[in-house]
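Spelled out from the first residue to the last, the chains are:
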Amino acid sequence: MNVLLFGATGMVGQSVLRECLLDPQVQSVLTVGRNTTGQNHPKLHEQVHANLLDLSDIEHKLSGFDACFFCLGVSSAGMTEDRYRAITYDITMHVAETLVRLNPNMSFFYVTGMGTDSMKRVAVCGRG
C-alpha cells in the first residue's frame with residue numbers, strides 16, 4: 001500500500017506517520033506539507049509545498065496512491081472565520097478533489113484531533 005499524508009508535522013499527523021512507517025503493509029509514505037518531518041526512514045518520502053490550494057506544481061507526484069490521511073488542521077483560537085474556513089475546509093476539499101481525480105480508487109481519510117487537545121480522542125472519517 002502506498003500512502004499520502006498531509007499534516008505529518010502536527011500532533012495527530014506525527015502519530016499517523018509513525019503507524020504507517022511501522023505497518024508492514026505500507027510500502028511507502030509521501031508526506032506533503034510546508035515543512036519536513038525531520039525523520040529518516042526507508043519508506044518515507046517528503047514533498048515540501050507551501051500552497052496547498054495550488055497543487056499544480058506537484059500533481060505529477062500525487063498519483064499511484066492507495067490511501068490518503070489528511071491530518072492538517074488548526075485551532076480556531078484567534079482566527080477569523082474566513083481564515084479558519086480556508087484552512088479547515090477549502091484546503092481539505094481542494095486536496096480531496098485533486099486526489100480523487102488522480103487516484104479514483106483511493107481511500108481518503110480526514111483525521112481530526114477534535115480540538116487538538118492531546119487528551120481527546122482522534123476521529124477518523126473515511127471513504128473506502
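For clarity, every value in this text was computed on a predicted model and none was experimentally measured.

Considerations on the pattern of salt bridges
Pairing between side chains of opposite charge can happen when their charged atoms approach one another.
Then, in step 1: Throughout the structure, instances matching the rule amount to one salt bridge.
Then, in step 2: Across the pair Arg101 and Glu59 runs a salt bridge whose closest N-O atoms are separated by 2.7 Å. Of this pair, Arg101 sits in helix H2 (residues 81-102) while Glu59 sits in the loop between strand S3 (44-48) and strand S4 (67-70), placing them 42 residues apart in sequence.

Let's talk about the environment of Gln47
Then, in step 1: Assignment of secondary structure puts Gln47 in strand S3.
Then, in step 2: Residue class for Gln47 comes out buried when judged on its relative accessible area of 14%.
Then, in step 3: Between the alpha carbons of Gln47 and Arg34 there is a distance of 8.4 Å; along the sequence they are 13 residues apart.
Then, in step 4: Other than its neighbours up to four places away in sequence, Gln47 contacts Leu30, Thr31, Val32, Gly33, Ile58 and Lys61.

Some thoughts on the packing of aromatic side chains
Then, in step 1: Within this structure, the stated rule accounts for four aromatic pairs.
Then, in step 2: Between the aromatic rings of Phe69 and Phe109, the centroid separation amounts to 5.2 Å while the plane-to-plane angle is 20 degrees, which identifies the pairing as stacked. Note that Phe69 is positioned in strand S4 and Phe109 in strand S5 (residues 107-112), a separation of 40 residues in sequence.
Then, in step 3: Counting every residue linked through ring pairs, the aromatic cluster contains Phe6, Phe70, Phe108 and Tyr110.

Concerning H2
Then, in step 1: With 22 residues, H2 should reach 32 Å at 1.5 Å per residue; the first-to-last C-alpha distance of 31 Å fits that figure.
Then, in step 2: At Ile87, H2 shows its strongest bend, of approximately 35 degrees.
Then, in step 3: What H2 keeps buried is the set Ala86, Ile87, Thr88, Ile91, Thr92, Val95, Ala96, Thr98 and Leu99.
Then, in step 4: Looking at the buried residues of H2, the elements they touch are strand S1 (2-6), S4 and S5.

A few points about the confidence of the model for the protein chain
Then, in step 1: On average, residues of the protein chain carry a pLDDT of 87, and 85% of them reach 70 or more.
Then, in step 2: The low-confidence segment residues 116-128, where pLDDT is below 50, has 30 contacts with residues more than four positions distant or belonging to other chains.

Things to note about the state of the cysteines
Then, in step 1: All chains considered together, the criterion is met by zero disulfides.
Then, in step 2: Between Cys20, a cysteine without a disulfide, and Cys71, which holds the nearest cysteine sulfur, the sulfur-to-sulfur distance is 8.3 Å.
Then, in step 3: Relative accessible area serves as the criterion here: at 6%, Cys20 is assigned to the buried category.
Then, in step 4: For the unlinked cysteine Cys68, the closest cysteine sulfur is that of Cys71, found at 8.1 Å.
Then, in step 5: Classification of Cys68 by relative accessible area gives buried; the value is 0%.

Here's the deal with the nonpolar core
Then, in step 1: One finds Leu4, Phe6, Val32, Leu62, Val95 and Leu99 to be the most contacted residues of the largest nonpolar core, which totals 19 residues.
Then, in step 2: Looking at this core element by element, the count peaks at five residues for H2.
Then, in step 3: Beyond its immediate chain neighbours, meaning those up to four positions away, Val32 contacts Leu4, Leu5, Phe6, Gly7, Gln47, His49, Leu52, Ile58 and Leu62.
Then, in step 4: Counting residues in each nonpolar core, the second largest holds 13 residues, with Val12, Val16, Cys20 and Cys71 among its members.

Criteria and cut-off values
- Residues numbered from 1 in each chain as written.
- Predicted model: local features only at pLDDT ≥ 70, side-chain atom pairs only at ≥ 80, totals over all residues.
- Heavy atoms only, no water.
- Salt bridge = Lys/Arg side-chain N within 4 Å of Asp/Glu carboxyl O.
- Helix = DSSP H or I, 4+ residues; strand = E, 2+ residues; numbered from the N terminus.
- Buried < 20%, exposed > 50% of the residue type's maximum accessible area, 1.4 Å probe, protein only.
- Contact = heavy atoms within 4.5 Å.
- Phe/Tyr/Trp six-rings, centres within 6.5 Å; stacked < 30°, edge-to-face > 60°.
- Expected span 1.5 Å × (residues − 1).
- Bend = angle between axes of the 7 residues up to and from the residue.
- pLDDT = per-residue confidence, 0-100.
- Disulfide = S-S within 2.5 Å.
- Core = buried A, V, L, I, M, F, W, Y, C linked by side-chain atoms within 4.5 Å.

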